[in-house]
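Examining the three-dimensional arrangement
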Amino acid sequence: MPDITSEQVAHLANLARIALTPDEIAKLTGELSQIVDSVAKVTEVATPDVPATSHPVALPNVLRPDVVGETLTQQQALSGAPDSDGERFRVTAILGEEQ
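Every residue gets a number counted from 1 within its own chain, in the order that chain's sequence is written. Since the coordinates come from a predicted model, pLDDT governs what is reported: local features require at least 70, and pairs of side-chain atoms require 80 or more to be given and counted, while whole-chain, interface and lining totals use all residues. To obtain the side-chain values, all non-hydrogen atoms of the structure were included, while hydrogens and water were left out.

Across its full length, the protein chain carries three helices and zero strands. A globule of 99 residues ought to have a C-alpha radius of gyration of about 13 Å, yet the protein chain, at 27 Å, is considerably larger. With the C-alpha coordinates aligned to their principal axes, the bounding extent of the protein chain is approximately 65 × 45 × 20 Å. The cut-offs for exposure are 20% and 50% of the maximum accessible area for each residue type, with area from a 1.4 Å probe on protein chains only; residues under the lower value are buried, those over the upper are exposed, and the others partly exposed. Within the protein chain, the fraction of its 99 residues that count as buried is 7%. Runs of H or I in DSSP of at least four residues are treated as helices and runs of E of at least two as strands, each being numbered from the N terminus. In this treatment the radius of gyration is a C-alpha quantity, and the globule benchmark scales as 2.2 Å times the residue count to the 0.38 power.

Listed below in structure tokens is the structure:
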């Protein structure tokens, strides 16, 4: 696999509209080359007979069953609201829209 060059990093930064200093380009060139090398090593050993995994150790499902429980009534939910219209929470507009 060919090495990543500083020209390629500068070109990608330009395409992404990211302003990078020469020091940042040099640092990223080395880091990206290392990432590409690491991916190449994984690709060498990833064969069809090796199953894909999301975690190296099997984990049990730690979620509880989804059971409907006791819920608040509308009146209880609105009782602690700083402002409501009797049916809904009333909040100030946040998008600059006048109401």
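The subject of this paragraph is the environment of glutamate 31. Within the secondary structure layout, glutamate 31 lies in helix H2 (residues 22–45). Assessed through its relative accessible area of 36%, glutamate 31 is described here as partly exposed. In this structure, the C-alpha to C-alpha distance between glutamate 31 and glycine 69, residues 38 residues apart in sequence, is 51 Å.

For a helix, the expected span equals 1.5 Å multiplied by the number of residues minus one. Helix length check: H2, at 24 residues, gives a terminal C-alpha distance of 35 Å against a target of 34 Å (1.5 Å per residue), a fit within 8%. Among all positions in H2, only Ile25, Thr29 and Ser33 are buried. Any two residues having at least one pair of non-hydrogen atoms within 4.5 Å are treated as being in contact. Elements in contact with the buried residues of H2: helix H1 (6–15).

Note on placement: alanine 13 falls in helix H1. C-alpha of alanine 13 to C-alpha of threonine 47: the two residues are 34 residues apart in sequence and 33 Å apart in space. What alanine 13 contacts, discounting residues up to four positions off in sequence, is Ile18 and Leu20.

For the rest of this paragraph, the subject is the side chain of serine 33. Mapped onto the fold, serine 33 is located in helix H2. The class for serine 33 is buried, based on a relative accessible area of 13%. Residue contacts for serine 33: discarding those within four places in its chain leaves Asp3 and Ile4.

What follows is about the confidence of the model for the protein chain. Within the protein chain, residue pLDDT values average 87, and 94% of them lie at 70 or more. As a per-residue measure, pLDDT tells how confident the predictor is, with possible values from 0 to 100. Of all helices and strands in the protein chain, the one with the weakest mean pLDDT is H2 (91), whereas H1 scores best (95).

What follows deals with the side chain of threonine 29. The topology assignment puts threonine 29 in helix H2. Relative accessible area serves as the criterion here: at 12%, threonine 29 is assigned to the buried category. If sequence neighbours within four positions are ignored, threonine 29 has contacts with Ile4, Thr5, Ser6 and Val9.

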